[in-house]
Amino acid sequence: MTVPTDVRQGQYDKVFIGGAWVSPATEGRFDVVSPATEQVLARVADGSAADIDAAVAAARAAFDSGPWPRLELSERIAVLTRVSEALAARRDEVARLISAEMGCPITLSTRMQSMGTRMLLDAFLELAPRYSWSDVRRSVTGNALVTREPVGVVAAIVPWNAPLQIAIIKLAPALLAGCTAILKPSPETALSAYLLAEIFAEAGLPEGVLSVVVAGREVSEHLVRHPGVDKVSFTGSTAAGRRIAAICGQDLRRVTLELGGKSAAVLLDDADLDAAVPVIRALSLRNSGQVCSNKTRIVVARSLRDDLYDRLRDMIGSMPVGDPFDPATEIGPLVSAAQRDRVEDFVAAAKAEGTEVLVGGGRPDGLERGWYVQPTVFADVDPDARIAQEEVFGPVLTVHTFDTEDEAIAIANNSPYGLNGSVFAADPARALSVARHIRTGTVELNGTPAGFFAPIGGFKNSGIGREAGLEGFDAYVEPKSYGLPPALLDTLG
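Treat the numbers as computed from the prediction; the structure is a model and nothing was measured.

Reading the values: rules and limits
The numbers attached to residues start from 1 for each chain and follow its sequence in the written order. Residues qualify for local features only when their pLDDT is at least 70, as the model is predicted, and side-chain atom pairs are given and counted only at 80 or more; totals for whole chains, interfaces and linings, by contrast, use all residues. Side-chain measures were taken over the full set of non-hydrogen atoms in the model, leaving aside hydrogen atoms and water. UniProt positions are given in the numbering used here, feature names are shortened, and annotations may be inferred rather than shown by experiment. Secondary structure follows DSSP: runs of H or I at least 4 residues long count as helices, runs of E at least 2 residues long count as strands, and numbering of each begins at the N terminus. Between two residues, a contact is recorded if the distance between any of their heavy atoms is within 4.5 Å. We call a residue buried when its accessible area falls under 20% of the maximum for its residue type, exposed when it is over 50%, and partly exposed in between, using a 1.4 Å probe and counting protein chains only. Residues adjacent in sequence count toward polar contacts only when both atoms are side-chain atoms; beyond that, a polar contact is any pair of N or O atoms within 3.5 Å, and within protein one must be able to donate a hydrogen and the other to accept it. Strands were regarded as paired on the criterion that DSSP finds at least two bridges between them. Note on method: axes are straight lines fitted to C-alpha atoms, helices fitted across the in-contact stretch only, with angles between N-to-C directions ranging 0 to 180 degrees. For a crossover, the right-handed case is the one in which the path from the first strand over the helix to the second runs clockwise, viewed with the strands pointing away from the viewer. Stacked, edge-to-face and tilted are the three classes for Phe, Tyr and Trp ring pairs, Trp counted by its six-membered ring, which pair at centre distances within 6.5 Å; planes under 30 degrees apart are stacked, over 60 edge-to-face, the rest tilted. By definition, a salt bridge exists where a carboxyl oxygen of Asp or Glu is found within 4 Å of a side-chain nitrogen of Lys or Arg. Nonpolar cores are built from buried Ala, Val, Leu, Ile, Met, Phe, Trp, Tyr and Cys residues. Side-chain atoms within 4.5 Å join them into one set. Helix span, expected: 1.5 Å multiplied by one less than the number of residues in the helix. Regarding the arc, it is the one traced by the directions from the helix axis to the C-beta atoms. Roughly parallel means an angle under 35 degrees; roughly antiparallel means over 145; roughly perpendicular covers 65 to 115; every other angle is labelled oblique. Side-chain classes follow a simple rule in which Ala, Val, Leu, Ile, Met, Phe, Trp, Tyr, Cys and Pro form the nonpolar group, Asp, Glu, Lys and Arg form the charged group, and the remainder, Gly included, forms the polar group.

## Digging into the UniProt feature "active site" (unreviewed entry) in the protein
For step 1, the next point in the chain: In the UniProt entry, the feature "active site" (unreviewed entry) is given for Glu-258.
For step 2, the next point in the chain: Turning to its location among the elements, Glu-258 is positioned in strand β12 (residues 254–258).
For step 3, the next point in the chain: Not counting the four nearest positions on each side in its chain, Glu-258 is found in contact with Phe-234, Thr-235, Gly-236, Cys-292, Leu-419, Ser-462 and Glu-467.

## Here's the deal with the environment of Ser-462
For step 1, the next point in the chain: With respect to the helices and strands, the residue Ser-462 is situated in the loop between β21 (459–460) and β22 (463–464).
For step 2, the next point in the chain: Exposure remark for Ser-462: the relative accessible area of 0% places this residue in the buried category.
For step 3, the next point in the chain: With 256 residues separating them in the primary sequence, Ser-462 and Pro-206 have C-alpha atoms 35 Å apart.
For step 4, the next point in the chain: Those residues in contact with Ser-462 that sit more than four places away from it in its chain are Leu-257, Glu-258, Leu-259, Gly-260, Gly-261, Tyr-417, Gly-418 and Leu-419.
For step 5, the next point in the chain: In terms of polar contacts, Ser-462 uses its side chain to reach the backbone carbonyl oxygen of Gly-260, at 2.6 Å.

## Notes on the sheet that holds strand β6 (residues 134–139)
For step 1, the next point in the chain: Strand order in the open sheet formed by three strands is β6-β7-β23, and the pairing between neighbours is antiparallel. With partners counted over all chains shown, the strands left at the sheet margins are β6 and β23 (477–483), one partner each. The sheet shows a mean angle of 25 degrees between the axes of neighbouring strands, direction not considered.
For step 2, the next point in the chain: Bridge count between strand β7 (residues 142–150) and β23: seven bridges; the pairing is antiparallel. The residue of β23 that forms the bridge with Pro-150 is Val-477.

## Section: the pairing of strand β8 (residues 153–157)
For step 1, the next point in the chain: Of all five residues in β8, five are buried; the element is thus mostly enclosed.
For step 2, the next point in the chain: Across the two faces of β8 the burial is the same, with Val-153, Ala-155 and Ile-157 and Val-154 and Ala-156 all buried.
For step 3, the next point in the chain: In this sheet, strand β9 (residues 180–184) lies alongside β8 in parallel orientation, the contact comprising five bridges. Residue pairing in the sheet places Val-153 in a bridge with Thr-180 of β9.
For step 4, the next point in the chain: Between β8 and its parallel partner β9, the chain crosses via helix α5 (residues 163–177), and the hand of that crossover is right-handed.
For step 5, the next point in the chain: In this structure, β8 lies alongside strand β11 (residues 231–235), joined through four bridges in parallel fashion.

## Some words on the packing of aromatic side chains
For step 1, the next point in the chain: Under the criterion given, the structure shown has eight aromatic pairs.
For step 2, the next point in the chain: With centroids separated by 5.3 Å and ring planes inclined at 75 degrees, the aromatic side chains of Tyr-12 and Tyr-194 adopt a geometry described as edge-to-face. Within this pair, whereas Tyr-12 is found in strand β1 (residues 10–12), its partner Tyr-194 is found in helix α6 (residues 190–203), the two being separated by 182 residues in sequence.
For step 3, the next point in the chain: Given a relative accessible area of 13%, Tyr-12 falls into the buried group.
For step 4, the next point in the chain: Since its relative accessible area comes to 6%, Tyr-194 is described here as buried.
For step 5, the next point in the chain: Between the aromatic rings of Tyr-131 and Trp-133, the centroid separation amounts to 4.7 Å while the plane-to-plane angle is 70 degrees, which identifies the pairing as edge-to-face.

## A look at the pattern of salt bridges
For step 1, the next point in the chain: All chains considered together, the criterion is met by 30 salt bridges.
For step 2, the next point in the chain: A salt bridge links Asp-230 to Arg-60; its shortest N-O distance comes to 2.8 Å. Taken together, the positions of Asp-230 in the loop between α7 (217–225) and β11 and Arg-60 in helix α1 (residues 49–65) put the pair 170 residues apart, joining distant regions of the chain.
For step 3, the next point in the chain: On the basis of relative accessible area, Arg-60 is assigned to the partly exposed category, the value being 21%.

## Points about the UniProt feature "domain: Aldehyde dehydrogenase" (unreviewed entry) in the protein
For step 1, the next point in the chain: What UniProt calls "domain: Aldehyde dehydrogenase" (unreviewed entry) maps, in this numbering, to residues 21–481.
For step 2, the next point in the chain: Across residues 21–481, helical content stands at 40% and strand content at 21%; the span's end C-alpha atoms are separated by 40 Å.

## Re the nonpolar core
Nonpolar side chains in soluble globular proteins tend to be buried together.
For step 1, the next point in the chain: Formed by 104 residues in total, the largest nonpolar core has its most connected members in Val-44, Leu-80, Leu-171, Leu-183 and Phe-200.
For step 2, the next point in the chain: No other element matches α5, which puts eleven residues into this core.

## Points about helix α3 (residues 91–102)
Given 3.6 residues to a turn, an α-helix orients residues that are three or four positions apart in the same direction.
For step 1, the next point in the chain: If you check α3, its first and last C-alpha atoms are 17 Å apart, about what twelve residues at 1.5 Å a residue would give, namely 16 Å.
For step 2, the next point in the chain: When we look at burial in α3, the residues that qualify are Val-94, Ala-95, Leu-97, Ile-98, Ser-99, Ala-100, Glu-101 and Met-102.
For step 3, the next point in the chain: Looking at the buried positions of α3, the neighbouring elements they touch are β4 (29–33), β5 (40–45), α2 (73–89), α4 (106–127), α5 and α6.
For step 4, the next point in the chain: Phi turns positive, to about 90 degrees, at Gly-103, one or two residues after α3.

## Thoughts on helix α14 (residues 428–435)
For step 1, the next point in the chain: Of all the residues in α14, the buried ones are Ala-431, Val-434 and Ala-435. Looking down the long axis of α14, one finds its buried residues gathered within 100 degrees of arc, a one-sided arrangement.
For step 2, the next point in the chain: Packed against the buried residues of α14 are α13 (405–413), β19 (421–424) and β20 (444–445).
For step 3, the next point in the chain: For α14, the N-terminal cap is Asp-427; the gap from its side-chain oxygen to the backbone nitrogen of Ala-429 is 3.0 Å.

## A short note on the sheet that holds strand β14 (residues 295–301)
For step 1, the next point in the chain: The seven strands are arranged β15-β16-β17-β14-β13-β19-β20 in an open sheet whose pairing can be described as mixed. A strand with exactly one partner marks an edge of an open sheet, and here the two such strands are β15 (356–359) and β20.
For step 2, the next point in the chain: Looking at chain direction, strand β13 (residues 263–267) and β14 are connected through five bridges and run parallel. Counted as the bridge partner of Ala-264 is Arg-297 from β14.

## Brief notes about the packing of α3 against α6
For step 1, the next point in the chain: Where α3 meets α6, the closest approach of the two axes is 8 Å, and the angle between their N-to-C directions is 155 degrees. Judged by the angle between their axes, α3 and α6 are roughly antiparallel. Residue-level contacts link Glu-93, Val-94, Leu-97, Ile-98 and Glu-101 of α3 to Ala-190, Leu-191, Ser-192 and Leu-195 of α6.
For step 2, the next point in the chain: Of the residues belonging to the contact of α3 with α6, the class tally is six nonpolar, one polar and two charged.

As structure tokens, this is what we get:
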């Protein structure tokens with residue numbers, strides 16, 4: 001198993017601040033390691049607090065006195081359209097790079113990490129002219145021009161599991177709104193962040209509009225606390241989200257949080273298992289289980305239990321585990337040794353509690369190198385068990401049975417999270433009726449996706465705010481009202 005030679009490797013000694021590649025303030029470096037081979041792919045500059053200060057200063061100047069917030073929307077759209085074109089031209093490079101640095105199977109990486117990133121950007125480009133950037137409101141108490149103006153300097157902090165897609169879900173609406181931004185990627189996926197910086201630089205962003213600084217937790221906290229930052233947008237763990245929310249609360253800094261999930265797929269008693277199981281295969285174990293919206297709790301009618309178990313055993317047995325660059329691979333390595341340890345700890349604890357392993361539960365044979373675990377399904381799990389309540393973030397599913405619709409809804413809602421979910425039923429209207437009672441940000445009926453025009457986000461511990469869709473722009477604007485005298489009212493409509 002080797003990393004393709006065209007995947008960029010080596011030494012990365014610069015940081016991207018204000019649109020230019022500059023020397024970092026310190027000599028700190030960290031290794032980007034292949035999760036499949038455990039070999040070092042590259043050494044990358046470790047951003048410091050001084051680098052963050054420089055990036056915020058550049059963003060502050062670009063927002064306060066630069067051209068970007070003052071351009072017409074059409075001009076900003078033109079720049080981001082060039083970013084989209086570059087992502088299309090470098091589709092395969094993006095996919096290979098992310099597969100190399102975090103282990104996403106290449107077939108999925110091409111579809112989700114690369115093509116999905118561009119499709120998300122294109123959705124924002126299509127929606128931007130439809131967004132209500134301003135409107136006139138007439139009433140007996142007064143007449144107003146209500147505008148939605150850019151919030152200012154944005155700190156976008158993104159995780160390693162879908163590094164470019166999550167970067168774009170923040171940067172695209174922020175930049176289209178006229179904000180400036182500092183992107184803080186995860187060290188595990190630094191190489192794709194560098195590639196994205198190159199693409200934005202080539203697209204013609206004005207000086208200072210975007211910086212990309214890869215750094216660890218302490219420096220990230222410095223960015224969150226920075227008085228020059230107006231808005232923080234974070235995707236990651238609920239624990240880190242709580243910390244960020246507390247920091248932002250001290251200064252009343254605007255914050256959007258897209259956090260963890262423990263989503264349920266509800267299979268009602270008339271569900272078509274021939275249709276449902278392929279959806280579970282695709283949407284419960286994506287990215288080796290490292291997707292916050294994966295449906296990791298399977299809630300099934302008792303009458304379908306035995307049939308489902310047979311199908312899940314066959315499904316897991318037919319999912320190749322191995323080299324992320326093999327197009328047949330469906331389960332690749334986890335991103336790091338620490339992540340594998342975390343997943344194995346969850347599995348071991350569930351076994352120790354007496355939870356039945358339907359399939360999996362160990363490490364795959366024949367893979368001595370790389371951070372692999374077997375895809376694992378636990379059967380007849382107590383909905384209150386730790387394995388059913390906490391986000392594992394690995395290829396681990398739990399199955400829960402029910403007798404009535406009310407019981408199914410109760411199990412689905414028995415979670416501190418509320419990010420995503422599915423309901424399967426022969427009658428779509430019945431599926432919708434059940435879905436209306438599930439407290440989660442998105443519910444897919446019979447596996448039907450909501451698409452990038454719909455908002456993404458969660459109830460409860462899954463976060464605050466929404467991303468994507470028209471609602472995705474709301475996080476990066478401040479409404480402002482102008483009282484209009486009659487002379488202006490007629491000219492503005």
